[in-house]
Amino acid sequence: MAQRKHAERLPYIPARLAEKRDRWEIVYYQTDPATGIRARHRETGDLNRVRDMKERRRQAAVLVARINKLLPDGYPYNSEEQIARRNNTLTLRDAVEMAVAIKCKTDKVETWKDYKSIGGVFLQWVDARKIGQWPVTEFTRRQAIEFMDYVATRPGRDGVAMSNRTWNNYKIKISTIFGELVRREHIPESPFRGIQKKPVFGKSRRKCTAEERALIAAWLWQHNYFTFLFITLEYYCLLRGTELRRLRAGDFDLQRGVILLAASKSKTNRERYPTMPAFVREILRDTRFTRIPTNYFVFGEGGQPHPRRAWGRGYARYHLSKCLEALQAEGRLGDVSGISPYSFKDTGITEWLRLLPLVDVMQQAGHTSPATTMIYNQPDLVNRGFQEIKKNIFE
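Cut-offs used in this document
Residues numbered from 1 in each chain as written. Predicted model: local features only at pLDDT ≥ 70, side-chain atom pairs only at ≥ 80, totals over all residues. Heavy atoms only, no water. Phe/Tyr/Trp six-rings, centres within 6.5 Å; stacked < 30°, edge-to-face > 60°. Lys NZ or Arg CZ within 6 Å of the ring centre and 35° of its normal. Pairing = 2+ DSSP bridges. Helix = DSSP H or I, 4+ residues; strand = E, 2+ residues; numbered from the N terminus. Contact = heavy atoms within 4.5 Å. Core = buried A, V, L, I, M, F, W, Y, C linked by side-chain atoms within 4.5 Å. Buried < 20%, exposed > 50% of the residue type's maximum accessible area, 1.4 Å probe, protein only. Axes fitted to C-alpha atoms, helices over the stretch in contact; angles between N-to-C directions. Left-handed = near helix turned anticlockwise from the far one by under 90°. Expected span 1.5 Å × (residues − 1). Arc of directions from axis to C-beta. Salt bridge = Lys/Arg side-chain N within 4 Å of Asp/Glu carboxyl O.

Draft legend 1. Here's a closer look at the packing of aromatic side chains. If you walk through the whole model with that rule in mind, you get 25 aromatic pairs. For Arg56, the ring lying beneath its charged end belongs to Trp24, and the centroid distance is 5.0 Å. When the ring centre of Tyr115 is taken as reference, the NZ or CZ atom of Lys173 above it lies at 5.5 Å.

So, in structure tokens, the structure goes:
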């Protein structure tokens, strides 16, 4: 009676041998996933061709054991091949953790921080949905879209709605994580493939005017040397913030007047040598720079050179904002909206394009195409060159 009640609770009834007059067969019951009704199934294999009864009984026992092993996984509605593939598949959580660990094997701090952060957000969402133990192969495009919809509801760092640019960054990183699983043949294709990026409109960041640039530089020179150096290198050497944070004092070659930007420190993974103009070489002879040990990060934790840790992404922005607030309080600056540390790269590229050939500016910025360089160019509303043309159409 207890065995019968137990069978009634299961979606299947285990297989057993039925020895009939005309044939032997293995009988078992399994719930049809389409109807939810438990149906009877019968298999004979090659049992009835075996004339030796002892051997037939042995083979029947093997067949019963094989079927009973498969029944918990939905056999026969799931084929033996499907079950074997599923049982050899990583769970969704294990697969993503593995892929994130692979992508984090880099000495680029910002890169592995991005993967750990976005991978962590994904796994939190997976845990909330209670799908972490799913086979990774069962995570489909439908769930991928649901995750990206969830990402859109997350607030940004400033507490406001996430921007399309940040949403696109999430999409790129999580696609790369699943791309690693494709590369290692854990899944046939990424479920994030085909999800379109959101449109990104013009940047709110703007270049500095000549007056703003001079006032900010002078204030920082007096009050915060390393933030001053940070924006100066963006302006003259056209370095990215991530590249600057990776620089150590030994990367500055004052004799040749170049910065040795190794491929591991470059955002584009290409070695390059930005040139330091005379003014940059001059300010680097300040004792605040020359006393830094060559193996120290120049832009170190806490705003000072550090042997192991660089300052965080928000450090330069925070201290530039303090500078802007002070200059506004003194009545020396007006509207400063749109000014960020990266504004000094925009400002530099815009100004150097007026003085130097495009190819020189492109090389200094580490761009591979003129089109990329021109994205940073923020020309004045009035084109002064055309404004000064004197030619008369009648001449």
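Draft legend 2. Representation of the pairing of strand S1 (residues 12-19). Both S1 and strand S2 (residues 24-31) contribute to a ladder of six bridges, which runs antiparallel. When the sheet's bridge partners are listed, Ile13 is paired in S2 with Tyr29. Here S1 hands over to S2 after four residues, the two strands then running antiparallel side by side.

Draft legend 3. Summary view of the side chain of Thr373. Note that Thr373 resides in helix H16 (residues 370-376). Excluding its chain neighbours within four sequence positions, the residues that come into contact with Thr373 are Ile349, Leu358, Val361, Met362 and His367.

Draft legend 4. Molecular detail of the nonpolar core. In this structure, Ile216, Leu229, Leu233, Phe252, Val298 and Phe299 are the most contacted members of the largest nonpolar core, which totals 49 residues. Taken together, the elements giving at least two residues each to this core come down to helix H8 (210-223), helix H9 (225-237), helix H11 (278-283), helix H13 (314-329), helix H14 (343-355) and helix H15 (358-365). If one sorts the elements of this core by residue count, H9 sits on top with nine residues. Not counting the four nearest positions on each side in its chain, Phe299 is found in contact with Phe226, Leu229, Phe230, Leu233, Leu244, Ala310 and Trp311. Listed in part, the 30 residues of the second largest apolar core include Met148, Met162, Ile187 and Ile195.

Draft legend 5. Seen up close, the packing of helix H6 (residues 141-153) against helix H7 (residues 164-183). In contact at an axis separation of 10 Å, H6 and H7 are set at 145° when each is read in the N-to-C sense. For the pair H6 and H7, the crossing hand works out as right-handed. Contacts from Phe147, Met148, Val151 and Ala152 of H6 reach H7 at Trp167, Tyr170, Lys171 and Ile174.

Draft legend 6. Fine view of the side chain of Lys207. Within the fold, Lys207 resides in the loop between H7 and H8. The residues touching Lys207, leaving out its near neighbours within four places in the chain, are Glu212, Ser343, Asp346, Thr347, Thr350, Arg354, Gln378, Pro379 and Asp380.

Draft legend 7. Representation of the environment of Ala144 in the model. Looking at the element boundaries, Ala144 is found in helix H6. C-alpha of Ala144 to C-alpha of Gly36: the two residues are 108 residues apart in sequence and 28 Å apart in space.

Draft legend 8. Here's a closer look at H6. Relative to the 18 Å expected for 13 residues at 1.5 Å per residue, H6 spans 19 Å between its end C-alpha atoms, a close match to the ideal helical length. Looking at H6, one finds that the buried residues are Gln143, Ala144, Phe147, Met148 and Val151. Down the axis, H6 shows its buried residues gathered within 140° of arc, on one side only. Residues of H6 that are exposed and point more than 90 degrees away from the buried face comprise Arg142 and Thr153.

Draft legend 9. Quick peek at the pairing of strand S3 (residues 38-43). The sheet contact formed by S2 and S3 spans six bridges and is antiparallel. Bridge assignment links Ile26 to a residue of S3, and that residue is Glu43. The hairpin formed by S2 and S3 contains six residues between the paired strands, and Gly36 there has a positive phi angle of roughly 75°.

Draft legend 10. A look at the pattern of salt bridges. According to the stated counting rule, one finds 27 salt bridges in the structure shown. A salt bridge links Arg23 to Glu25; its shortest N-O distance comes to 3.1 Å. Judged by relative accessible area, Arg23 falls into the partly exposed class, the value being 27%. Note that Glu43 is salt-bridged to Arg66, the shortest N-O span being 3.8 Å. Taken together, the residues span a long stretch of sequence, with Glu43 in strand S3 and Arg66 in helix H2 (residues 53-70) at a distance of 23 residues. Among the ionic contacts, a cluster of salt bridges with common partners joins Lys20, Asp22, Arg23, Glu25 and Arg42.

Draft legend 11. Focus on the sheet that holds S3. The strand order across the open sheet built from three strands is S1-S2-S3, with neighbouring strands paired in antiparallel fashion. Here the strands that pair on one side only, and so sit at the sheet edges, are S1 and S3. The average angle at which neighbouring strand axes cross in this sheet is 20°, direction not considered. On the sheet, H2 packs against S1, S2 and S3 and is oriented at approximately 170° with respect to S1.

Draft legend 12. Representation of unusual backbone geometry within the structure. Cis geometry marks the peptide bond from Tyr75 to Pro76; its omega dihedral reads 10°. The phi angle at Lys130 is positive, at roughly 60°, despite the residue not being glycine. Secondary-structure assignment places Lys130 in the loop between helix H5 (109-129) and H6. In the Ramachandran plot, Glu185 falls in the positive-phi region, its phi being about 65° despite a non-glycine side chain. The residue Glu185 is located in the loop between H7 and H8 in this model.

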